[in-house]
Amino acid sequence: MTCATAHKPQPFPEASWKDCVNVLRALAMDAVEAAQSGHPGMPMGMADVAAVLFSEYLTFDVTKPDWPDRDRFILSAGHGSMLQYALAHLCGYAPMTMDEIKKFRQLGSKTPGHPERDISIGVETSTGPLGQGISNGVGFALAERLLHARFGNDLVDHRTFVMASDGDLMEGISHEAASLAGHLKLNKLVVLWDDNGISIDGATSLSWSDDTLARFAACGWHTLRADGHDAADIRRALDDALQAEKPVIISCKTTIGFGAPRKGGTKDCHGAPLGADEIKATREKLGWPHAPFVVPDDVLAWWRAAGARGASARMAWEKRLHAADVAQQSEFHRIMQGQLPASLSDEMAALKEKFLADQPQKATRQLSGMVLEKLTAIAPEIIGGSADLSGSNNTQVKATGIVKRGDFSGRYIHYGVREHGMSAAMNGMALHGGLIPYSGTFLQFTDYCRPSIRLAALMKQRVIWVMTHDSIGLGEDGPTHQPVEHLSAMRAIPNLLVLRPADAVEVAEAWEISLVQKTRPSVIVLTRQNITPVRTSATENWTARGAYVVQGMRDERRDITLMATGSELGVAVAARAQLAQQGISAAVVSMPSFELFAEQPQDYRQVVLGDAPRIAIEAAVRQSWDQFLRAGDAFIGMKGFGESGPAEKLYDHFGITPESVVTTAEQLVQKS
């Protein structure tokens, strides 16, 4: 059979199908060998599946890689990255030159060890941490359905194809994501499982005896099997998959390192170069006589035709877009470009003025819910949710209906108790484009979300986590639910914005800030307990400065500086009043975001913090505060885990009180 005889919508140049597949294997083993690092086995094993998918089923256009209605391809098995890079080069993504292939895993190349999001070469998401890619895929598929419900078939009608490994399906996050996808019947999602039975330690039977397809079937998926080295059987399975009314997983039975005579089918080709002798023997077995990195003209021409195959579909889509109602066109462009509604700024200014007038003494989680009522009414691209804590997180609001199987017109997702899967799906929705996802759980459970939060930061995605019950202030649930180390842990993640607002105005400002962050995610940290309003003006978004003097003028003489976040700002304000009675002048600094404060000019930071002794106050561990504390300064907070009891008694028990601050301040002032 030649490549041209396979069923395609247009003629392809003549070339041997065997060569069109083996070129993927050759580029993978040669690049890994040149780097002396990498995973050749997966690309060699899944080459047949990839060739069928990219030449016959996946709709994309290399000349317009960001075309909104393209199919999405996710290599969840990110260790097999050379498969994606070889496909990108062969199909004709302009930046993926042969020189980039030769620079596999080298500093500054477009071919890093694991795929890093780069739409210009068709990489939709950064993968490698197993289970993340398939879980992102659920978010991509969900985003497609949500936008389809709003804009219809003419503008949104595409599929998400995920290539996953045994390891992806072992990871717990994939179980959560698969359960959610099955529940919602995300029938535009197709997972191609590289069922090769080999992991780094050896046969997967060492640790894994699941009936994986039965598990997916129990989650509501359509399950199929295919010979991963038989193009006709792969087509049969894919044709079946495209007719399903459920998400689909295809077990593609493959041989890892297919073609390698000694190492194929073993762990030896999983995560290490094949070696010169094995590569020579593999070339002979595959009938591939070409030198490393050489692609015959007929094979390249065939693959370039595959890369051009989607151009007609893209142009037809553009005609439909141009024929759409002008208002619909404008709105589609706006959300796909990530622009916020023009009215949002004025609406938020009005809300902050209302907060100043009303001075609500509510928990910041409740204040966040009030802000969300306003935001979701203005911006339909905002998609909410919670990990079975909607009432506690205050994330569900009137303007958003519920997303249900068969009805994706809603904008609120009940994720169930699936923080891992929820967070990865949120990343997928953001990566897809056109949506701004937010969702909530308790701050303690950022431990479950952390891998996805880290990847959102790495990929520079606008994803918003609403983390409530942020301290010992949650009270009686006790130390299992009281976060103490979590603020410092979140602040340690590069490119992550952590915001812990202190009152209604700061909550509104925190949401404004999070929404305008196009290149980083945010975690908004909120209280269970009520707070005392502090702000008296909203003429400027002071939270955007990261820290500011909220009481005591910046240029006034001060004896002590009291720095605090969230609910502890009230402690600092009360302590300042007591110190004033003793003739001690204190400036109170609200520090809702360490990251934003670090971005301010040095002279601003110096004016805010001043030269006087400093006391940091936060119902959490000290670690992240040390960047602002000098020798001789003090910290009032947690030194270990909390206890179970009423919140006010816990604050007394752990000494996070105005009286403790006053005593410490007196000591520091006396020493100074």
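For the structure given in this document, a descriptive report is provided here. Quantities reported herein were computed from a predicted structural model and do not represent experimental measurements.

### Here's the deal with the sheet that holds strand β8 (residues 382-386)
Logical step 1: Taken in spatial order, the six strands make up an open sheet running β9-β8-β10-β11-β13-β12, and their pairing is parallel. The open sheet has two edge strands, β9 (412-414) and β12 (497-499), and neither has a second partner. When the angles between neighbouring strand axes are averaged without regard to direction, this sheet yields 20 degrees.
Logical step 2: Where strand β11 (residues 464-468) meets strand β13 (residues 522-525), four bridges bridge the pair, whose relative direction is parallel. When the sheet's bridge partners are listed, Met467 is paired in β13 with Val525.

### Examining the environment of Arg454
Logical step 1: Tracing the backbone shows Arg454 in helix α19 (residues 446-459).
Logical step 2: For Arg454, a relative accessible area of 52% puts it in the exposed group.

### Quick look at the nonpolar core
Logical step 1: Membership of the largest hydrophobic core comes to 68 residues, with the highest contact counts inside it found for Leu24, Leu27, Met82, Ile250 and Trp303.
Logical step 2: By residue number, the principal contributor to this core is helix α1 (residues 17-35), which donates eleven residues.
Logical step 3: The residues touching Met82, leaving out its near neighbours within four places in the chain, are Leu27, Ala28, Ala31, Val32, Pro43, Ile101 and Phe104.
Logical step 4: Listed in part, the 65 residues of the second largest apolar core include Leu142, Ala164, Trp317 and Ile335.

### Describing the packing of helix α8 (residues 172-184) against helix α18 (residues 419-432)
Helix-helix packing is described using two parameters, namely the angle between the two axes and the distance between the axes.
Logical step 1: Contact geometry of α8 with α18 gives a least axis separation of 8 Å together with a crossing angle of 75 degrees. Considering their axes alone, α8 and α18 lie roughly perpendicular with respect to each other. Here Ile173, Glu176 and Ala177 of α8 lie close against α18, whose contacting residues are Glu419, His420, Gly421 and Ala424.
Logical step 2: Here the contact of α8 with α18 is composed, by residue class, of three nonpolar, two polar and two charged.

### Let's talk about the packing of α1 against helix α12 (residues 297-308)
Logical step 1: Axis separation between α1 and α12 bottoms out at 10 Å; the angle between their running directions is 85 degrees. The pairing of α1 with α12 is recorded here as roughly perpendicular in orientation. Here α1 contributes Trp17, Asp19, Cys20, Val23 and Leu24 to the contact with α12, which in turn contributes Val299, Trp302 and Trp303.
Logical step 2: Of the residues that constitute the contact of α1 with α12, the class distribution is seven nonpolar, no polar and one charged.

### Observations concerning the side chain of Arg365
Logical step 1: Residue position: Arg365 is located in helix α16 (residues 364-378).
Logical step 2: Side-chain polar atoms of Arg365 contact the backbone oxygen of Arg528, separated by 3.5 Å.
Logical step 3: Excluding anything up to four places from it in sequence, Arg365 contacts Gly391, Ser392, Asn393, Asn394, Thr468, His469, Leu526, Thr527 and Arg528.

### Some details on the packing of aromatic side chains
Logical step 1: In the structure shown here, the tally under the stated rule is 20 aromatic pairs.
Logical step 2: Ring centres 5.0 Å apart and planes at 75 degrees place the aromatic pair Phe54 and Phe73 in the edge-to-face group. Remark: Phe73 occurs in strand β1 (residues 72-75) and Phe54 occurs in helix α3 (residues 47-57); sequence separation between them is 19 residues. The exposure classification of Phe54 matches that of Phe73, with both residues buried.

Calculation rules
- Residues numbered from 1 in each chain as written.
- Predicted model: local features only at pLDDT ≥ 70, side-chain atom pairs only at ≥ 80, totals over all residues.
- Heavy atoms only, no water.
- Pairing = 2+ DSSP bridges.
- Helix = DSSP H or I, 4+ residues; strand = E, 2+ residues; numbered from the N terminus.
- Axes fitted to C-alpha atoms, helices over the stretch in contact; angles between N-to-C directions.
- Buried < 20%, exposed > 50% of the residue type's maximum accessible area, 1.4 Å probe, protein only.
- Core = buried A, V, L, I, M, F, W, Y, C linked by side-chain atoms within 4.5 Å.
- Contact = heavy atoms within 4.5 Å.
- Parallel < 35°, antiparallel > 145°, perpendicular 65-115°, else oblique.
- Nonpolar A, V, L, I, M, F, W, Y, C, P; charged D, E, K, R; others polar.
- Polar contact = N/O pair within 3.5 Å; in protein donor to acceptor, adjacent residues only side chain to side chain.
- Phe/Tyr/Trp six-rings, centres within 6.5 Å; stacked < 30°, edge-to-face > 60°.

Honestly, it's all geometry; don't read function into it.
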